[in-house]
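Spelled out from the first residue to the last, the chains are:
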Amino acid sequence: MQRSNRSGEILVIGEIREGTLHSATVELTAKARELADRLGTKVTTLLMYDRVDMNVEDLAWWGADVVLCVVGEPFRYFNQEVYTNVISYLIKGRNPQIVLAPATTSGRTYMPAVAAKVHTGLTADCTGLDIDADTGLLLQTRPAIGGNIMATIQTPNHLPQMATVRPRTFPVPKPNRGRKARVEHPDLPGEVFTSSIEVLGKEHQEGMDVNIQDLDVVVSGGKGLKKAENFNLLRELASLLGGGVGASRAAVDNKWISYPHQVGLSGKVVSPKVYFAVGISGSVQHLAGMQTADFVVAINKDPEAPIFRVADIALCGDLFDIVPRIIEKIKEQRG
Ligand code: FAD
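The chain appears in an unreviewed UniProt entry as Electron transfer flavoprotein alpha subunit apoprotein from Thermovirga lienii. Of the chain, the UniProt comment under Sequence similarities (unreviewed entry) reads exactly: "Belongs to the ETF alpha-subunit/FixB family."

The structure is reproduced here in structure tokens:
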């Protein structure tokens, strides 16, 4: 879309998985509130679901003025086409100036298609958002060139300005329980729900229960682990620290651990408080998935391993010696 409505709302695309609101929805709504106050506009949070285990109006506590609910059976399973159709239809009708979506697996799937449908750009995987004080444009910051620089991108010629944001990028403020929002159920034409994709069912895959993107501690293993059973060492450490297990693509390709655990360019982007990289060399593709972690502990026997360049603590040595010692020490301290 060409520039037309620089006074429009900020539209946040929320995410509900099997009835549960993804924390990124609250995070993005709160960030949108902050940006909207600077622009003097309102925040609308869109939810698409077949069932939900919360009072959706409570999103007002984090800054939503309107909660837009599209409810129905088509949202029982994720269907990229239906999400794309519904979001594009609503964007065309509501003319928001900014659209924000979580850079979760589903957000990363439908947002490029939405951008193509509404003829605008998309800045994927942002780690910072701000408003330019002079122009009122959205400043969209994300790592670029393999994470070596932070690029700030503006979209001056097309609307809406659209970005996906990595979950856990922004802090969640305390809820303001006195705030109220209007809940709307928009009328949508039947064709937005039609799809050439027929979802026949969902199969459970090991690793799907825990989403490593939601965790404070991620302990990841790579090719240095040598075999599947050795991931038990990492599971023990992760469980002691209240975290979960991640992996490099090499470990996943070797079938030592399932794909939902993969961190990196073609896996998940994680931003935990602490990230352990164990027996991982630190390829640019792996770094793309973990370099926004607050604190990185790298364990590698190669002193030249690139992972050490992004590490806050570099432990150079044999992981089969170091990890059991860390586990032992934690257990000792806890008595
Ligand atoms: P290696 O590079 O083989 O490193 C193993 C490390 O273990 C070495 O540094 C070694 O010194 C160390 N080591 C070995 N034994 C021990 C020991 N006993 N104690 C301590 N250290 C030890 N990779 C990802 O991780 N995620 C992605 O999403 C991803 N997406 C990709 C997308 C594309 C398009 C492409 C082309 C590649 C992608 N890759 C991805 C692959 C990436 O390029 C690397 O091949 C991969 O990250 C390497 O995994 P690794 O570090 O486990 O293995």
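With respect to topology, three strands assemble into an open sheet ordered β8-β9-β10, the strand pairing being antiparallel. Edge strands, defined here as strands with exactly one partner in the open sheet, are β8 (128–131) and β10 (149–153). Each neighbouring strand pair of the sheet contributes to a mean axis angle of 25 degrees, computed without reference to strand direction. Note: strand β9 (residues 138–144) against β10, five bridges, orientation antiparallel. Looking at β10, one finds that Q140 is bridged to I153. Packing of helix α1 (residues 23–39) onto the sheet brings it into contact with β8 and β9, and relative to β8 it is tilted by some 15 degrees.

Turning our eyes to something else, we now look at the packing of aromatic side chains. In this description, an aromatic ring pair is defined by two values, namely the gap between the centres and the angle between the planes. Under the counting rule described, the total for this entry stands at six aromatic pairs. Between W61 and W62 the ring centres are 6.0 Å apart and the planes differ by 45 degrees, which places this aromatic pair in the tilted class. Arranged with centres 6.2 Å apart and planes meeting at 80 degrees, the rings of F75 and F193 form a pair that is edge-to-face. Taken as a pair, F75 in the loop between β5 (66–71) and α2 (80–94) and F193 in the loop between β12 (182–184) and β13 (217–221) lie far apart in primary sequence, 118 residues in all. Taking the relative accessible area as the measure of exposure, F193 reaches 28% and is therefore partly exposed. Through a chain of ring-to-ring contacts, three or more aromatic side chains come together here, namely F75, F78, Y83, Y110 and F193.

The local shell around the ligand holds 26 residues, among which K223, S248, S266, S281 and N300 are the closest. Residue V263 places a main-chain N or O atom 2.8 Å away from a nitrogen atom belonging to the ligand. The side chain of D318 places a nitrogen or oxygen atom 3.0 Å from a nitrogen atom of the ligand. Protein coverage of the free-state accessible area of the ligand, which is 990 Å², stands at 74%. According to the grid-proximity analysis, the pocket containing the ligand is the second largest pocket.

Criteria and cut-off values
- Throughout this document, residue positions are counted from 1 along each chain, in the order its sequence is written.
- Local features in this predicted model are restricted to residues of pLDDT 70 or higher, and side-chain atom pairs are both shown and tallied only at a pLDDT of 80 or more, whereas totals for entire chains, interfaces and linings draw on every residue.
- Only hydrogens and water are set aside; all other atoms, that is, all heavy atoms of the structure, feed into the side-chain values.
- UniProt positions are given in the numbering used here, feature names are shortened, and annotations may be inferred rather than shown by experiment.
- Between any two strands, pairing holds if DSSP finds at least two bridges.
- Only DSSP runs of H or I with at least four residues qualify as helices, and only runs of E with at least two residues qualify as strands; both kinds are numbered from the N terminus onward.
- In this analysis an axis means a line fitted to C-alpha atoms, helices contributing only their contacting stretch, and an angle means the value between N-to-C directions, from 0 to 180 degrees.
- Every residue pair with non-hydrogen atoms within 4.5 Å of one another is taken to be in contact.
- Here is the rule: rings of Phe, Tyr and Trp (six-membered ring for Trp) pair when centre to centre is within 6.5 Å. Planes less than 30 degrees apart are stacked, more than 60 are edge-to-face, and the remainder are tilted.
- Under the scheme applied here, a residue whose accessible area is under 20% of the maximum for its type counts as buried, over 50% as exposed, and between as partly exposed, the area being computed with a 1.4 Å probe on protein chains only.
- Each residue is tested against the molecule or strand, and it is near if at least one of its non-hydrogen atoms lies within 4 Å.
- For this analysis, a polar contact is any N or O atom pair within 3.5 Å, provided that within protein one partner can donate a hydrogen and the other can accept it, and provided that sequence-adjacent residues contribute only side-chain to side-chain pairs.
- Where accessible areas are quoted, they stem from the Shrake-Rupley method and a 1.4 Å probe; at the residue level, only the protein chains shown are allowed to cover.
- As defined here, a cavity is a set of points on a 1 Å grid over the protein atoms alone where a 1.4 Å probe fits but cannot get out. A pocket is an open set with protein on both sides within 12 Å along at least five of seven lines, and residues line them when an atom is within 4 Å of a point.
- Being in a pocket or cavity means that more than half of the molecule's atoms lie within 2 Å of its grid points.

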